[in-house]
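Given next are the chains, with one letter for each unit.
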Amino acid sequence: MPEDHAQQAKEALGGWVPRGQFVGGAWTSGGGALREISSPAHGQRLATLADASAEDLSQAVAAARGAQRDWAALGPLGRSRALKQAVARLKAHEDELARIDALDCGNPIKGMRFDVTLGTTLMDFFAGLTSEVKGETIPQVGGKLTYVTREPLGVVARLVPFNHPFMFAAAKIAAPLAAGNAVILKPSEETPLSALRMAEIIGDLFPAGLISVLTGGADLGAAICAHPGIAAVGLIGSVPTGRAVLKGGADTLKRTQLELGGKNALVICEDADVDAAIAGAIKGMNLGWTAGQSCGSTSRLLVHDAHFDRVVAGVAAAFDAVRLGDPLSEETEMGALSTRAQYDKTRGFIARAERAGARIAAGGLDTGMPGEGFFVRPTLICDVGPDAEIARDEVFGPVLTVLRWRDEAEMLDIVNGLDLGLTASIWTRDLDRALRLTRRIEAGYVWVNDASDHYLGAPFGGVKQSGLGREECLEEMLAYTEAKTVTIVAGG
Ligand code: NAD
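Residues numbered from 1 in each chain as written. Predicted model: local features only at pLDDT ≥ 70, side-chain atom pairs only at ≥ 80, totals over all residues. Heavy atoms only, no water.

A. Layout of the overall build of the chain. Check the secondary structure of the chain and you find 17 helices and 22 strands. Counting the 492 residues in the chain, one finds 55% classified as buried. Counting contacts in the chain only where the partners sit at least 6 residues apart, residues at least 24 apart contribute 73% of the total. Total accessible area on the chain is roughly 19,200 Å²; 51% of this is exposed by carbon and sulfur atoms. Side-chain charges of the chain comprise 48 positive and 60 negative groups, with the mean position of each set lying 4 Å from the other. (Helix = DSSP H or I, 4+ residues; strand = E, 2+ residues; numbered from the N terminus. Buried < 20%, exposed > 50% of the residue type's maximum accessible area, 1.4 Å probe, protein only. Contact = heavy atoms within 4.5 Å. Areas by Shrake-Rupley, 256 points an atom, 1.4 Å probe, with all protein chains shown as cover. Lys, Arg positive; Asp, Glu negative; His and termini not counted. Charge placed at Lys NZ, Arg CZ, Asp CG, Glu CD.)

B. Expanded view of the state of the cysteines. For the coordinates displayed, the defined rule picks out zero disulfides. Free of any disulfide, C269 has its nearest cysteine sulfur in C382, 19 Å distant. Given a relative accessible area of 0%, C269 falls into the buried group. Not part of a disulfide, C473 finds its nearest cysteine sulfur in C295, a span of 14 Å. (Disulfide = S-S within 2.5 Å.)

C. Region of the structure containing the site of the ligand. Every one of the 29 residues lining the ligand counts as a neighbour, but K186, E189, T241, L260 and E394 are closest to it. V160 places a main-chain nitrogen or oxygen 2.8 Å from an oxygen atom of the ligand. S238 places a main-chain nitrogen or oxygen 2.8 Å from an oxygen atom of the ligand. Breaking the shell around the ligand down by element, the ones donating at least two residues are helix 8 (218-226), strand 10 (232-236) and helix 9 (239-248). (Near = heavy atom within 4 Å. Polar contact = N/O pair within 3.5 Å; in protein donor to acceptor, adjacent residues only side chain to side chain.)

D. Examining unusual backbone geometry more closely. Backbone geometry places N286, a non-glycine residue, at a positive phi of 55 degrees. Mapped onto the secondary structure, N286 falls in the loop between helix 10 (274-284) and helix 11 (287-290). Judged by relative accessible area, N286 falls into the buried class, the value being 9%. The backbone of A291 shows a phi angle near 55 degrees, a positive value even though the residue is not glycine. Take A291: it is sitting in the loop between helix 11 and strand 13 (298-304).

E. Geometry of the sheet that holds strand 12 (residues 264-268). In space, the seven strands of this open sheet follow the order 14-15-16-13-12-18-19, with mixed pairing throughout. Across the chains shown, the open sheet's two edge strands, defined by having one partner strand only, are strand 14 (359-362) and strand 19 (445-448). Neighbour-to-neighbour, the strand axes of the sheet open up by a mean angle of 25 degrees, direction not taken into account. For strand 12 and strand 13, the ladder comprises five bridges, and the chain directions are parallel. Looking at strand 13, one finds that I268 is bridged to V303. (Pairing = 2+ DSSP bridges. Axes fitted to C-alpha atoms, helices over the stretch in contact; angles between N-to-C directions.)

F. Geometry of the sheet that holds strand 5 (residues 136-138). One open sheet holds the three strands; their spatial order is 5-6-22, and the pairing between them is antiparallel. Edge strands, defined here as strands with exactly one partner in the open sheet, are strand 5 and strand 22 (481-489). Sheet twist, expressed as the mean angle between neighbouring strand axes with direction ignored, is 25 degrees. Sheet analysis places strand 6 (residues 144-152) next to strand 22, joined by nine bridges and oriented antiparallel. In the sheet register, Y147 faces strand 22, and the bridge partner there is V486.

G. Region of the structure containing the domain arrangement of the chain. Domains assigned within the chain are domain 1 (3-256) and domain 2 (265-465). Taking the mean C-alpha position of each, domain 1 and domain 2 sit 30 Å from one another. Residue-level contacts link 28 residues of domain 1 with 29 residues of domain 2. Summing both sides of the interface, domain 1 and domain 2 together bury roughly 2,200 Å²; the carbon and sulfur share of this comes to 62%. Applying the counting criterion to the domain 1 and domain 2 interface returns one salt bridge. Here E330 and R113 are joined by a salt bridge, their closest N and O atoms 2.6 Å apart. (Domains from an automatic or database assignment. Buried area = accessible area lost by both parts, 1.4 Å probe. Salt bridge = Lys/Arg side-chain N within 4 Å of Asp/Glu carboxyl O.)

H. The packing of aromatic side chains, seen in detail. Counted by the stated rule, this structure contains eight aromatic pairs. Consider the rings of Y445 and W447, whose centres lie 4.7 Å apart with planes at 25 degrees: the pair is stacked. For the pair formed by Y445 and W447, the shared burial category is buried. Three or more aromatic residues joined by ring pairs form one cluster here, namely Y445, W447 and F460. When the ring centre of F349 is taken as reference, the NZ or CZ atom of R352 above it lies at 5.1 Å. (Phe/Tyr/Trp six-rings, centres within 6.5 Å; stacked < 30°, edge-to-face > 60°. Lys NZ or Arg CZ within 6 Å of the ring centre and 35° of its normal.)

I. Structural view of the packing of helix 10 against helix 12 (residues 308-321). Relative orientation of the contacting elements helix 10 and helix 12 amounts to 45 degrees, with a least axis distance of 10 Å. Relative to helix 12, the element helix 10 lies oblique. Crossing handedness for the pair helix 10 and helix 12: right-handed. Residues V274, D275, I278 and I282 of helix 10 form the contact with helix 12, whose participating residues are R310, V311, G314, V315, A318 and F319. (Parallel < 35°, antiparallel > 145°, perpendicular 65-115°, else oblique. Left-handed = near helix turned anticlockwise from the far one by under 90°.)

And the structure:
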């Protein structure tokens, strides 16, 4: 990076300059191709990083194997203490980490502070679960004892996406660490900065090599999946990447956790509290948090015919009122999309829907924003059928497609008619209907008269092609352990 750009980047990041790859407890410059990291809202260059090379990965795996034994030997209390110390240090850097993420991924600073809170809360949660890595005893006949212990897998890799950079970095290393594993974290190549800063802040709390942070793109991800020294891969990402991870890990039989995409439906029934449902639909979009770039964000709004016009008018008015702007401003209600690819993809979806005859009830291609940031207004798309591309494919942006329904069976066919099944939200005041629909909707997480919120310890994950396994709960930690059965025959 030229000298003046480097100085500007340093100033933007509050004087911090990333030091490269965190490998085996030390910083290296990275042996791979150079990558420019810039702010999607301002276009400002933030850093130039060399991707981790195959050699960096091998070093990280070798260091992790040694460190993992020391870490597991610390026992539940020792691991819990170290993780809680990490939580305290990260919380003390909340503003700095939130600022790095706001610059790097374009989301408002308020939302990114919330991400620091969420990431550290989940780390704290898993720090409290270390003593739950426990087994069972099996009834036996005289003189014999059969029991099952749960053991860490060894070296675990976590591949995370661009949309919640720090939150995923902190939360996703926590469960495997709590269970006694070493972790290699690969943040998104688009938003790697806060994960690197996290390593600087907490790296020395753990045996050298226990945590490595390697930055790079799909090639590095593929090398991680194929590496024989890595026992498991946990991916948060898209469905195509999920398939690539499964295929890439097949030769080494990787244990795999996949949290993938969604096309999440919010259903407003005839008997719903309509104003509350409108507010729920807007909240479910996570506009202020990630500009709709959250896996659990509502993206299909299925409205009963009786309320269709009122809901469209209410949501459109709320969308029109959203204040887009500088992610670093406390006044900003929605930032920029995080990458050029996201910007182009989202605009492509809107343009094709419009060309196919959809009505754009709010937003659209014209943002009215000055500058070249990747801004897209919250966009409400009407007058399309359930088979339209915009009603079926994950946009992963601030775009909501409204569909009309009259008959419950027809509505369920639409909700369940996709290969995806991450979240769903139902708005009704009828308990029987709520119970019936929660049973019949194919999704990993269903809210009734609520949307988008996650609750500590409540399993999160998808059915069908939205993923494998559950996260943010005990099951996530146990996924990074293996059962060992022991039978002891006593002499007498
Ligand atoms: P992505 O799949 O492109 O990338 C995710 C991670 O996988 C990145 O670190 C990337 O470098 C890596 N990767 C990419 N190709 C790879 C390959 N062939 N082998 C191994 N690793 C590879 O996802 P993204 O665009 O960063 O994020 C958006 C997607 O993530 C959306 O589909 C969204 O729904 C999903 N997501 C899901 C959840 C969830 O909890 N279910 C949460 C957030 C995001």
